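Examining the three-dimensional arrangement
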Amino acid sequence: IHQAAMFLAEQGREKIGIACYEKKNLATRDGMRAFRDVLDEFGLPLREEWIVQEGGLEEQGEAAVRRIWSLEERPDALIFMDDWQGLGGTQTLVELGVQVPEEVMVVTHMNRGYNPPYPVPVVGVQVDPNGIAREMVIILEALERGERPLRKMVLVEPSLRVPERWPI
């Protein structure tokens, strides 16, 4: 979320919305903290009505966009925490006639090597599934040796994938 918000702010976007998993999800709590930090750093407004915390399914991405687009003032950028949520959200933006990325830039999660058929250009926050697997093996090997792993989560640094013909 930090990389996504930084990218959008650096692209000059000043009104950033976000669709996340449920509030109780640890990734959502950490992601929202990072989101707020970036907005503070760039002096951008935090608009609670542009934050939708429901889940990562296609239907939830659609519902998030419909809720945000029902408002009088809308964001000029959206972050989707989940790739399928991003797919539903981008399909809905197209259905509503929103020009992406000209009117609204979209950044969404996508695992490297697996890209749902987004109907518009999106920036992907990519995570390498091989890196996740490597880190999980380290934890499992420690458990197998009867050790208590030093960490309980797998952290892998994501990278941004910007479409070749991205407008600046």
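Fair warning: this is a prediction, and the values are worked out from it, not measured in the lab.

Another aspect to go through is the packing of aromatic side chains. Using the criterion set out here, one finds zero aromatic pairs in the structure. Taking the ring centre of Trp50 as reference, the NZ or CZ of Arg47 above it sits at 4.6 Å.

Right, let's get into helix α2 (residues 26-42). In a regular helix each residue adds 1.5 Å, so 17 residues correspond to 24 Å; α2 covers 25 Å between its end C-alpha atoms and thus fits that length. Looking only at α2, the buried set comprises Thr28, Gly31, Met32, Ala34, Phe35, Val38 and Leu39. Down the axis of α2, the smallest arc covering the buried residues is 165°, so these residues share one side. Among the exposed residues of α2, those pointing more than 90 degrees away from its buried face are Asp40 and Glu41. Taken together, the buried residues of α2 touch α1 (2-10), β1 (16-20), β2 (51-53) and β3 (77-80).

Okay, α1 next. Of the residues making up α1, those classed as buried are Ala4, Ala5, Met6, Phe7, Leu8 and Ala9. Those residues of α1 that are buried lie in contact with β1, α2, β3, β4 (105-111), β5 (123-127) and β6 (159-161). Count one or two residues on from α1 and you reach Gly12, which has phi positive near 90°.

Here the focus is the environment of Leu46. Position of Leu46 among the secondary structure elements: in the loop between α2 and β2. Accessibility expressed as a relative area gives 34% for Leu46, which makes it partly exposed. Taking the C-alpha atoms as reference points, Leu46 and Lys23, separated by 23 residues in sequence, lie 17 Å from one another. When neighbours within four sequence positions are excluded, Leu46 is seen to be in contact with Phe35, Arg36, Leu39 and Ile51.

This part covers the packing of helix α3 (residues 58-69) against helix α4 (residues 83-95). The geometry of α3 relative to α4 is characterised by a closest axis approach of 6 Å and an angle of 45° between their N-to-C directions. The angle between α3 and α4 falls in the class oblique. As for the relative orientation of α3 and α4, their crossing is right-handed in sense. Residues Glu58, Gly61, Glu62, Val65, Arg66 and Trp69 of α3 form the contact with α4, whose own contacting residues are Trp84, Gln85, Leu87, Gly88, Gly89, Gln91, Thr92, Leu93 and Glu95. Grouping the amino acids of the contact of α3 with α4 by side-chain chemistry returns five nonpolar, six polar and four charged.

Basis of the calculations
- Residues numbered from 1 in each chain as written.
- Predicted model: local features only at pLDDT ≥ 70, side-chain atom pairs only at ≥ 80, totals over all residues.
- Heavy atoms only, no water.
- Phe/Tyr/Trp six-rings, centres within 6.5 Å; stacked < 30°, edge-to-face > 60°.
- Lys NZ or Arg CZ within 6 Å of the ring centre and 35° of its normal.
- Helix = DSSP H or I, 4+ residues; strand = E, 2+ residues; numbered from the N terminus.
- Expected span 1.5 Å × (residues − 1).
- Buried < 20%, exposed > 50% of the residue type's maximum accessible area, 1.4 Å probe, protein only.
- Arc of directions from axis to C-beta.
- Contact = heavy atoms within 4.5 Å.
- Axes fitted to C-alpha atoms, helices over the stretch in contact; angles between N-to-C directions.
- Parallel < 35°, antiparallel > 145°, perpendicular 65-115°, else oblique.
- Left-handed = near helix turned anticlockwise from the far one by under 90°.
- Nonpolar A, V, L, I, M, F, W, Y, C, P; charged D, E, K, R; others polar.

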